[in-house]
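Residue-level structural notes
Below, each chain spelled out in residue letters.
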Amino acid sequence: MKLHLHVGVVETIDEITLNEALAVAQCAERVLVRLAPNLAVLECEDAEKVVSALEANGLHPKVMR
């Protein structure tokens, strides 16, 4: 069993959007678990990479901390 104390959750409108966001951030292989097709749990630093990658591409994700 692994215990992750600090995780980030990335939720998108659909599975395709999540896959694209993870690919752009180069985090697709680092997903800890997918709770639903459009919902992924990552380490915090990887979730931050997703946010940064989206912002760098002119998108403005809603971020809750």
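Because the structure is a prediction, the values reported are computed rather than measured.

1. Examining the pairing of strand E1 (residues 7-11)
- Alternating residues of E1 divide into Gly 8 and Val 10, all buried, and Val 7, Val 9 and Glu 11, none buried.
- Pairing analysis gives 5 bridges linking E1 to strand E3 (residues 39-43), with the strands arranged antiparallel. Residue Gly 8 lies in a different strand from E3, and its bridge partner there is Leu 42.

2. Considerations on the sheet that holds E1
- The 3 strands lie next to each other as E1-E3-E2, forming an open sheet whose pairing is antiparallel. Every interior strand has two partners, whereas the edge strands, E1 and strand E2 (33-36), have only one. For this sheet the average axis-to-axis angle between neighbouring strands, irrespective of direction, equals 25°.
- Where helix H2 (residues 44-56) meets the sheet, its contacts fall on E1 and E3, and the angle it forms with E3 comes to roughly 120°.

3. Some details on the environment of His 6
- Along the chain, His 6 turns up in the segment before E1.
- Spatially, the C-alpha atoms of His 6 and Glu 45 are 9.1 Å apart, while their sequence positions differ by 39 residues.
- When neighbours within four sequence positions are excluded, His 6 is seen to be in contact with Glu 43 and Cys 44.

4. Thoughts on the pattern of salt bridges
- Across all of its chains, the model carries 3 salt bridges by this definition.
- As a salt-bridge pair, Arg 30 and Asp 46 come within 2.9 Å of each other at their nearest N and O atoms. Here the residue Arg 30 occupies a position in the loop between helix H1 (15-24) and E2, and Asp 46 occupies one in helix H2, the gap between them amounting to 16 residues.
- The class for Arg 30 is partly exposed, based on a relative accessible area of 42%.
- With a relative accessible area of 1%, Asp 46 lands in the buried category.

Cut-offs and rules
- Residues numbered from 1 in each chain as written.
- Predicted model: local features only at pLDDT ≥ 70, side-chain atom pairs only at ≥ 80, totals over all residues.
- Heavy atoms only, no water.
- Buried < 20%, exposed > 50% of the residue type's maximum accessible area, 1.4 Å probe, protein only.
- Helix = DSSP H or I, 4+ residues; strand = E, 2+ residues; numbered from the N terminus.
- Pairing = 2+ DSSP bridges.
- Axes fitted to C-alpha atoms, helices over the stretch in contact; angles between N-to-C directions.
- Contact = heavy atoms within 4.5 Å.
- Salt bridge = Lys/Arg side-chain N within 4 Å of Asp/Glu carboxyl O.

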